[in-house]
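# Residue-level structural notes
Below are the chains, spelled out letter by letter.
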Amino acid sequence: MAISRRNMLKGTAGVASLSVLGSSPLGAVGVFKKTEMIPHATHFGPFIAKVEDGIMKDVISQKTDANPSIMVKGMIDRVYSDTRVKYPCVRKSYLEGKKNNREKRGKEEFVRVSWDVALDLVAKKLKEIPRENIYNGSYGGWGHVGRLHNSNIVAGRFFNTTLGGAVGTDGEYSNGAAGRVNPTIMGDMEVYSLQTSHEEMIANCKVYVLWGTDLYKCNKIDYVVPNHVNDIYYPKYKKAGIKFISIDPIYTETAQMFDADWIKIRPNTDVALMLGMMYYLYTSGKYDKKFIEKYTDGFDKFIPYVLGKGEDNIPKTPEWAEKITEVPANKIKELADLFVSTRTFLAGNWAMQRAQHGEQADWALITLASMIGQVGLPGGGFGFSMHYSGGGQANSGYRTTPGLSQGRNRVETSIPASRVSEAILNPGKEINFKGRKIKLPKIDMVYVCGASLLGHHPNTNELIEALRKVDTVVVHEPWWTPLAKMADIIFPSTCTLERDDITSGGTYSRNVIYAMKKVIEPIYESKDDFEIFRLLANRLGGEKVERRYTGGKTYMEWIKGFYEKSDGPVFKEFDKFWKDGFVEFDIPEEARKYVRHAEFRADPIENKLATESGKIQIYSEKFASYNLPDFKGHPTWFEPAEWLGGKEAKKYPFHLVSPHPRYRVHSQLDNTWIRDIYKIQGREPVMINDKDAQKLGIKHGEVVEVFNDRGRVLVGAFVTPNIRTGVVAIQEGAWYDPEDRQAKKPRCNAGHVNVLTSSRPTSEMAQAISANTALVNVRKLDKNEVVTPYKSTSVPDIIGA
Ligand SMILES: Nc1nc2c(c(=O)[nH]1)N[C@H]1C(S)=C(S)[C@@H](COP(=O)(O)OP(=O)(O)OC[C@H]3O[C@@H](n4cnc5c(=O)[nH]c(N)nc54)[C@H](O)[C@@H]3O)O[C@H]1N2
Ligand SMILES: Nc1nc2c(c(=O)[nH]1)N[C@H]1C(S)=C(S)[C@@H](COP(=O)(O)OP(=O)(O)OC[C@H]3O[C@@H](n4cnc5c(=O)[nH]c(N)nc54)[C@H](O)[C@@H]3O)O[C@H]1N2
Ligand SMILES: [Mo]
């Protein structure tokens, strides 16, 4: 399946860039290679692509990247991967039309078709199926960093400008619980807000609590383009003598880097730990009474619960917390004492709210930080974004690259993130959501552009069952991802390297604008998502509708427009910027003094929070009025449905967590050689404690099965003392690959973690995903057991290829 050189060379003329004519070894006899150095940027970093005779040969990092990630080196393998979707394809039975044979999705061959055939089929369905029954699953924004070709935005714009919209996702996979709670408690989501600057942290912080926060790993990528500047600051934190404490079932790379004290908490029990600390701080009188009085509301309605007076009559003592968390009561008191007596920063992660009752984790952490009383002080208080997209970096203050707008979605129904499979399986079901009742819509068509629904959604087998029920599944993808294989119609998209775009650098620093120049011509028959939607728009409503979608502008007009709406032109004319590949802004010294919540602390009347009382809402009347069994008016400990302290742990003795991957963005790069850095026998590793492994007779590097009632996966054992006993970890994002496609609930040979996770919602309030709440067992394979060898992900059979 070698790539055809002819296809790749097709139309290389016209790539405008710094062009160098380099001589080949045959130069002496007059054969020249055309070498070009073309700037581009991705979620993995900014780079200059070295292109010889139209073929990308190397990736050299740009100077705006302080510590380039090896991931950018995967770009070449990725663009020329055997897993590229080369031409439009339609599932065989679907194309034959008579009987759709929905249950054959993911099981049968595809047929290669022309663009016209594929586009006509999709346009016909879009005309037939009402927009209220189309699920636009183009969630997230992780496909592409460009402001013009962002796959999800382009999809949204298409639906909104042609059909008036489609059913979307309500709430996030990242912060589904926090996003519903924090705005009411703090008047802000907190998870995407500017953090106290590294400078202020290093100068003032004495105790830095990594509350499940993996700074080093999670900052390897950025929602826009990373600069990896955090990696320059970390040694300075260390030099400043700041004490790090890591509360995490895993002793992460970050914790190792800072020689952190490791609190080996049981997963999903953080709220109990926080309550134990709060009980101790209250009863010992050591908490900051002045702060509580001046800056918070509802403490008096919360404390009876902590003391066990009313409601459940259980005092939340450190001893009570010890039983739940397995953190010794003395340690709980010691930590609480340390936190109130020293300048302490609580860095909250997002994984603990991606668990059942995840709403409580953020709420309890904010309440604990309030009792400690350092919110708004430099180096103290709390932050929920130090691990994200360069959190802690100062902001340039400049406006950078707005993007394509989506327009208005007139379809009012949307599906809460955790309920996608259920909506398809139980249309019309009534559920509670954000204090209201909603009805789940009936979905006949699933349409995904630039997201990996089969990768990101919990409980893969349930989702596959659901996907085999709908009338039509359409996917835009550059690669044969697991979801692409489940489609009826697959459009081959170009990837980032095959089109011009523009974006900014540093989600928080916002100090660079990047030209994302086309590096190579589109390979095979791929087309830009923007163009695919243009062709569909035309089929749906002729030139008028097409124009509404395109805005009547060319790509370069859009790109130039985004540039000129930013502060960029102050520094460089567009043509110069496009030639140079980037423009960088200084970060004002003043910005490096930023302290989160300092204004509120300085004057809580003038700078009141956008909450019920203008203060931190420890108790919320609004929330209490929802009257839900699993979400109250104040932070509450709820026992998860699956956890190490519950009955189910007898059958499934390991708690499974699914951290974000070190060497990928979710599923992206799983089809490149980068996988060789960490895969075990071609599969995703499972981290397992050495003592647990010993008990099971499992050796490092062997293939094992991890399973529960929801499914089974094969993974490679990574035996280590750096995970607590009773917990196993499989990174999210491996490409689902069933051993036997025809089987019901087949075993996944690649180790895709969502085969094991549950789609249970966090609560009836947020209805967010709870991927980190799952119990499993681990099985050593029998000596004679046959497993299908596994190297890497495959492409389906295609008739007419
Ligand atoms: N178990 C578990 N599950 C999780 C999580 C977890 O912690 N545990 N985390 C959740 C979170 S926080 C998130 S954000 C989600 C992430 O879920 P997704 O955002 O869906 O994950 P990605 O794998 O990044 O998906 C991006 C897709 O876009 C495709 N793509 C790239 N470029 C282009 C393009 O130009 N055009 C088109 N059409 N496609 C393109 C890629 O091939 C890839 O399939 O996962 C969630 N799922
Ligand atoms: N390299 C890389 N970085 C990324 C991403 C990526 O795909 N790759 N994705 C980005 C995205 S979209 C997101 S949403 C963020 C995710 O940010 P997070 O959700 O914060 O990151 P995770 O890696 O899921 O989890 C971080 C840590 O939480 C721990 N943890 C799990 N459950 C619990 C618990 O119950 N209690 C405690 N105390 N700790 C727990 C895990 O062991 C892990 O070490 O990361 C972003 N950064
Ligand atoms: Mo995310």
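Sequence order as written defines the numbering, with residues in each chain counted from 1. The naming scheme follows written order: chains are lettered A onward, ligands numbered 1 onward. With the structure being a predicted model, the display of local features is reserved for residues of pLDDT at least 70 and the display and counting of side-chain atom pairs for 80 or more, all residues being used for whole-chain, interface and lining totals. For the side-chain quantities, the full set of heavy atoms in the structure was used; hydrogens and water were omitted.

### Comments concerning the overall build of the chain
- Starting at the N terminus, helices and strands are each numbered in turn, a helix being any DSSP run of H or I of at least four residues and a strand any DSSP run of E of at least two. From N to C terminus, the chain includes 26 helices and 31 strands.
- Only C-alpha atoms enter the radius of gyration, while the globule expectation follows 2.2 Å times N to the 0.38, with N the number of residues. Against the 2.2 N^0.38 benchmark of 28 Å for 801 residues, the chain shows a C-alpha radius of gyration of 26 Å, consistent with a compact globule.
- Its C-alpha atoms give the chain principal-axis dimensions of about 85 × 60 × 55 Å.
- Whether a residue is buried, partly exposed or exposed follows from its accessible area with a 1.4 Å probe, protein chains only, as a fraction of its type maximum: under 20%, in between, or over 50%, in that order. By residue count, 64% of the 801 residues in the chain fall in the buried class.
- Residues are treated as being in contact if the distance between any of their heavy atoms lies within 4.5 Å. At a minimum sequence separation of 6, the contacts of the chain that also span at least 24 residues come to 75%.
- Working convention for charge: Lys and Arg count positive, Asp and Glu count negative, and His plus the chain ends are omitted. Each charge is placed at NZ for Lys, CZ for Arg, CG for Asp and CD for Glu. The average position of the 109 basic charges and that of the 96 acidic charges among the side chains of the chain differ by 2 Å.

### Some points on helix α19 (residues 460-467)
- Most of α19 is tucked away, with 6 of its 8 residues classed as buried.
- When we look at burial in α19, the residues that qualify are Thr 460, Asn 461, Leu 463, Ile 464, Ala 466 and Leu 467.
- Structurally, α19 contributes buried residues whose contacts are with α17 (420-425), β18 (445-449), α18 (453-456), β19 (472-477), α20 (482-485) and β28 (711-720).

### Quick notes on the sheet that holds strand β5 (residues 89-91)
- Any two strands with at least two DSSP bridges between them are considered paired. What the 7 strands build is an open sheet, ordered β7-β18-β19-β20-β5-β6-β31; its pairing is mixed. Each edge of the sheet is formed by a strand with only one pairing partner; in this case those strands are β7 (134-136) and β31 (798-799).
- Pairing of β7 with β18, which is carried by 3 bridges, proceeds in the parallel orientation. Bridging from a neighbouring strand, Asn 136 pairs with Tyr 447 of β18.
- Against the sheet, helix α21 (residues 529-550) engages β18, β19 and β20 (489-492), with an angle of about 140 degrees to β18. For helices, the fitted axis covers only the stretch in contact; all axes are lines through C-alpha atoms, and the angles between them, taken along N-to-C directions, range from 0 to 180 degrees.

### Some points on the nonpolar core
- Residues Met 56, Trp 211 and Leu 346 are the most contacted members of the largest nonpolar core, which totals 97 residues.
- The contacts of Met 56, once residues within four sequence positions are left out, are Phe 47, Ala 49, Lys 50, Val 51, Met 75, Ile 76, Tyr 80, Leu 497, Val 519 and Ile 520.
- Residues enter a nonpolar core if they are buried and are Ala, Val, Leu, Ile, Met, Phe, Trp, Tyr or Cys, with the set joined through side-chain atoms within 4.5 Å. Within the second largest apolar cluster, 62 residues are counted, among which are Tyr 173, Ile 415, Val 475 and Ile 698.

### Some points on the packing of helix α5 (residues 151-162) against α21
- Interaxial distance between α5 and α21 falls to 10 Å at its minimum, and their mutual angle equals 20 degrees. On the basis of their axis angle, the class for α5 and α21 is roughly parallel. Here α5 runs over α21; the crossing is left-handed. From α5, Ser 151, Val 154, Ala 155, Arg 157, Phe 158, Thr 161 and Thr 162 reach across to α21, where they touch Asp 529, Phe 530, Phe 533, Leu 536, Ala 537, Leu 540, Val 545, Arg 548, Tyr 549 and Thr 550.
- Residues are sorted three ways: Asp, Glu, Lys and Arg are charged, Ala, Val, Leu, Ile, Met, Phe, Trp, Tyr, Cys and Pro are nonpolar, and all the rest, Gly among them, are polar. Looking at the contact of α5 with α21, its residues break down into 10 nonpolar, 4 polar and 3 charged. Orientation categories follow fixed angle ranges, with anything under 35 degrees roughly parallel, anything over 145 roughly antiparallel, 65 to 115 roughly perpendicular, and all other angles oblique. Left-handed describes a crossing whose near helix is turned anticlockwise from the far helix by less than a right angle; the clockwise case is right-handed.

### Overview of the confidence of the model for the chain
- Within a predicted model, pLDDT stands for the predictor's per-residue confidence, ranging from 0 to 100. Looking at the chain, pLDDT values average 95 and 96% of them are 70 or higher.
- Ranking the elements of the chain by mean pLDDT puts helix α1 (residues 5-9) last, at 37, and strand β29 (residues 727-729) first, at 99.

### Quick look at empty space enclosed by the protein
- A 1.4 Å probe that fits but cannot get out identifies a cavity on a 1 Å grid over protein atoms alone, an open set with protein on both sides within 12 Å along at least five of seven lines counts as a pocket, and a residue lines either if it has an atom within 4 Å of a point. Grid points are joined across faces, edges and corners, and a volume is the space filled by probe spheres set on the points. Throughout the structure, instances matching the rule amount to 2 cavities of 30 Å³ or more.
- The space that makes up the largest cavity amounts to roughly 110 Å³.
- Taken together, 14 residues make up the lining of the largest cavity; nearest its centre are Asn 268, Val 271, Met 352, Gln 356 and His 357.
- Per-element tally for the lining of the largest cavity: the top contributor is helix α16 (residues 358-372), with 3 residues.
- For the second largest cavity, the calculated volume is near 40 Å³.
- Taken together, the residues of the lining of the second largest cavity sort by class into 2 nonpolar, 7 polar and 1 charged.

### Some remarks on a nonpolar patch on the surface
- Taken together, the side chains of Ile 70, Trp 673 and Ile 677 define a hydrophobic patch exposed on the protein surface, amounting to about 250 Å² of accessible area.
- Owing to a relative accessible area of 38%, Ile 70 belongs among the partly exposed residues under this scheme. Within this analysis, patches are made of residues with over 30% relative accessible area and no salt bridge. Like charges are joined at 9 Å or less; nonpolar side chains (Val, Leu, Ile, Met, Phe, Trp, Tyr) at 5 Å or less. Method for areas: the Shrake-Rupley scheme with a 1.4 Å probe, in which residue coverage is limited to the protein chains shown. Criterion for a salt bridge: a side-chain nitrogen of Lys or Arg within 4 Å of a carboxyl oxygen of Asp or Glu.

### Here's the deal with α21
- The terminal C-alpha atoms of α21, which comprises 22 residues, lie only 12 Å apart, well short of the 32 Å expected from a rise of 1.5 Å per residue.
- Remark: the principal bend of α21, roughly 135 degrees, maps to Gly 542.
- All of the buried residues in α21 are Asp 529, Phe 530, Ile 532, Phe 533, Leu 535, Leu 536, Ala 537, Val 545, Glu 546, Tyr 549 and Thr 550.
- Buried residues in α21 make contact with α4 (115-128), α5, β18, β19, β20 and α22 (555-565).
- Just downstream of α21, Gly 551 is the residue with a positive phi angle, here 70 degrees. Helices are assigned an expected span. That span is 1.5 Å times one less than the residue count. Two axes are fitted around each residue, one to the seven residues ending there and one to the seven starting there, and the angle between them is reported as the bend at that residue.

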